[in-house]
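Each chain, letter by letter, is given below.
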Amino acid sequence: MEGFMEIAVKDLSFHYTESSDAALSSLTFTIPSGSCCAILGPTGAGKTTLLYALSGALGAYSSGLGTGSVRIGGEEFNPFPKNVLFPRVGLALQEPHVQISGLRETVLEEIQFTLENIGLDEDLVESGAIDILKQMGILHLAERKPGSLSGGEMQRVALASLLVARPPIILLDEPVTSIDGPGCLTLARTIVSFKKKSTVLFTDTGLDLSLSVADWILVLTAGHQLFFGEKKLFLQNLQSFSEVLQTHTWESISNKLLLPGTNRQRRFARALGIQ
Amino acid sequence: MTITLDKVSFSYSPGIPVLRDISFTLREGELILIVGRNGAGKSTLLKLLNGILKPTSGEISVAGLRTAVTPTSELAKHICVTFQNPSDQIFASTVREEIEFGSKNIGRANAEAIVENTVQLFGLSRLTNKHPYDLLPAQRKLLTIASAVAMETAALAFDEPTAGLSKDERLTVARAFKSLLAKRHTIVIVSHDLQFFLPLCNRVFVISGGEVKHESGPGEFLGKAVVLRQWGVKFPLSYRLQKLVG
C-alpha cells in the first residue's frame, strides 16, 4: 500500500489551445501519501486547471495539449488521466450548485446518491450519509431540499456529497469561499481527520485554512510553479510571496511568533510549524 | 438616501419565519456589514431590500418608496442587489454589454462614460469583448460587481462580493467601494470576510435565528469575540493570532 495515495507531478505543462499561453508550465512536485497540500496563487494561476488535470476531468473534457506526466497511487499517466478517476480521486468544484445533482428531494438523499453510484451496500448507504453530515456539522440540513439551501449551506452539502465516498485522493477547489466561521473550523477538522487515510489537495484564496491544515504549500502564478515545499519553509519566506498573495498580515504574525513568547504563543507557533 | 426597515418579518413557508421583527435604518454614505451563520437569512434580507421578496409583515422603505407596493423596476433606480452566485445574474454576450445593461436599462444619461470609467476602475479593458462565461470564476464575480457599480444607484447591496477573489481583485473591489462611499452611496454587504470588511464598514449587524442580535461599530464588534461566538461569528485565524502576539 506504500505510495498508494502519493501524487507525483513531473514537468507537467498544458495549453487549452495551440495558440494560448501555458495554463500549466513545467510543474514538478510530489505530495506524499496521506498529507495535505494547499495550492495558492492569483486568479488565472492555473490552480483549478491543475486539480482538473489530476482528477481526470481535464483529460476527459478538454482537447488541450499537455506534456509531462502524473503518477497517482503508483499508476503513471502521460500527461494526465484521460478519464475521471472517481471514486479513487474525488473533485469538489468551485461552484457548489454545479456539484449538486438536482435529482434528489432532500440533502440526505443527495448524499446517499453518491454512495449508491459507487455501489455501496444498501444498508450502509444511509448510515454513511448520516455520518458525514454529522462530521460536517450539517445534520440539521438532512431533510431540506438541496435547491432551497443558502450559498454557504450548499457549499457544505456539495463537499459532504464528495467526502462521503472517502476517496483516497481528495481535491477541493476553493472549499471555504461561502462558508461561515464555525463551518470553516468544522471543515478544517474534517480535512485533518481525512489526512493519513487520504491525500488532500485544495486551492485557497486566503491563507487561514492553508496555514491551519496544510503540510505542503504550492504557489502558482500564471501557470508557473513559484514555490513548492513544506509549510514551515513557506512561512519562513512569506515576504517573497507578497507580490502574488496577501501575506503581509501573516508576515508580522510569524515574525512575532518566532520571538520568545508565552506558552500559548509557543503552542500556536508549533501548530503552525513556525518553530 | 435612507433605507428603513420597520418590524420586518419574512417567511418562505407559512409559519416558518426566516426573519423576525427586524428594524434598522441605513444612512447615506455608510457601509453596513451583515454577518451570521450559513442559513441565518442574510441573503433573504438583501432580496427584501430590492423588492424581489416582499415582507410578510412590517415595512421596508427605500428612498421613501415602500417596497411592498413599488414595482421592482422602480426600486432598481435606487438600489442594486448583487447575488452570491455570478451565474444567477449574467446574461449578456460580452463583458461590455453586461456592464452597460443595467446602467442603460435604468436610463442613466451618461451611461457610455460611466461604463468606460467602470471598465477602467475594475481593470477589465482586456476582457470587454469576451463572453462572460469564458471568464474565470473570479473575473466573473468582479464583472457582476462592476455591473452593479456602473448603475450608480444611491444604494448598492452585495452578497459575498469578495468570495474567491485573489489579492489584486480584492484591492480593486476595496478601491471601488471607497470611491462609492466618497460619493455618498450607501453600501450593504453580506459577507464572512471580516478581514476585508471590518476596516471599511461603519456598522456591523449580526443576524441569528432570523433576528438582529448585535449591532455596533467595527471597534466594539472586535472587542466582543466571546459574546459573538454564540451567533456563529468567528474571527479569522490571522486576527486572533494578531491579538495574541500584540
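Placed above this text is the structure.
My aim in this report is to walk through the structure given alongside it, one point at a time.

Rules behind the numbers
- Residues numbered from 1 in each chain as written.
- Chains lettered and ligands numbered in written order.
- Predicted model: local features only at pLDDT ≥ 70, side-chain atom pairs only at ≥ 80, totals over all residues.
- Heavy atoms only, no water.
- Pairing = 2+ DSSP bridges.
- Helix = DSSP H or I, 4+ residues; strand = E, 2+ residues; numbered from the N terminus.
- Axes fitted to C-alpha atoms, helices over the stretch in contact; angles between N-to-C directions.
- Contact = heavy atoms within 4.5 Å.
- Buried area = accessible area lost by both parts, 1.4 Å probe.
- Salt bridge = Lys/Arg side-chain N within 4 Å of Asp/Glu carboxyl O.
- Phe/Tyr/Trp six-rings, centres within 6.5 Å; stacked < 30°, edge-to-face > 60°.
- Buried < 20%, exposed > 50% of the residue type's maximum accessible area, 1.4 Å probe, protein only.
- Lys NZ or Arg CZ within 6 Å of the ring centre and 35° of its normal.

**Remarks on the sheet that holds strand S3 (residues 31-35) of chain B**
Residue and element names in this part refer to chain B.
Here comes step 1: Taken in spatial order, the six strands make up an open sheet running S6-S7-S8-S3-S9-S10, and their pairing is mixed. In this open sheet, the two strands that pair with only one neighbour each are strand S6 (79-82) and strand S10 (211-216). Across the sheet, the axes of successive neighbouring strands diverge by a mean angle of 15°, strand direction being ignored.
Here comes step 2: The sheet contact formed by S3 and strand S8 (residues 186-190) spans four bridges and is parallel. Its bridge partner lying in S8, Ile-34 is registered against Val-190.
Here comes step 3: Across the sheet, helix H6 (residues 167-182) lies against S3, strand S7 (155-159) and S8, angled at about 145° from S8, the strand it touches most.

**Observations concerning the interface of chain B and chain A**
Here comes step 1: Counting residues at the interface gives 32 residues for chain B and 38 residues for chain A.
Here comes step 2: Carbon and sulfur atoms make up 57% of the area that chain B and chain A hide from each other, which totals about 2,900 Å².
Here comes step 3: When the buried area of chain B at its contact with chain A is split by residue, Asn38(B), Lys167(B) and Leu244(B) rank highest and sum to 22% of it.
Here comes step 4: Across the chain B-chain A interface, the total number found is one salt bridge.
Here comes step 5: A salt bridge links Arg140(B) to Glu95(A), with the nearest nitrogen and oxygen atoms 3.2 Å apart.

**Describing the packing of aromatic side chains**
Here comes step 1: In the structure shown here, the tally under the stated rule is 15 aromatic pairs over all chains.
Here comes step 2: Here the aromatic rings of Phe14(A) and Tyr16(A) are separated by 4.9 Å at their centres, their planes lie at 85°, and the arrangement is edge-to-face.
Here comes step 3: Note on Phe14(A): relative accessible area 1%, which makes it buried.
Here comes step 4: For the pair Phe227(A) and Phe241(A), a centre-to-centre distance of 5.2 Å together with 70° between the ring planes defines the contact as edge-to-face. Here Phe227(A), found in strand S10 (residues 224-230), pairs with Phe241(A), found in the loop between helix H9 (231-236) and helix H10 (248-258); they are 14 residues apart in sequence, far enough to count as distant. In this pair, the class of Phe227(A) matches that of Phe241(A), namely buried.
Here comes step 5: Following the ring pairs from residue to residue traces out a cluster consisting of Phe158(B), Phe177(B), Phe196(B) and Phe197(B).
Here comes step 6: In this structure, Lys82(A) packs its charged tip against the face of Phe80(A), placed 6.0 Å from the ring centre.

**Focus on the pairing of strand S4 (residues 65-72) of chain A**
Residue and element names in this part refer to chain A.
Here comes step 1: Relative to S4, strand S1 (residues 7-15) is paired through seven bridges, and the arrangement is antiparallel. Its bridge partner lying in S4, Lys-10 is registered against Ser-69.
Here comes step 2: Relative to strand S5 (residues 75-77), S4 is paired through three bridges, and the arrangement is antiparallel. The residue bridging Ile-72 from the neighbouring strand is Glu-75, located in S5.

**Some remarks on the sheet that holds strand S1 (residues 3-13) of chain B**
Residue and element names in this part refer to chain B.
Here comes step 1: In space, the four strands of this open sheet follow the order S2-S1-S4-S5, with antiparallel pairing throughout. Only two strands of the sheet have a single neighbouring strand rather than two, namely strand S2 (16-26) and strand S5 (65-66).
Here comes step 2: Two elements, S1 and S2, share seven bridges in a ladder whose sense is antiparallel. Along S2, the bridge assignment pairs Thr-4 with Thr-25.
Here comes step 3: This element, helix H1 (residues 42-49), spans S1, S2 and strand S4 (57-62) of the sheet and lies at about 120° to S1.

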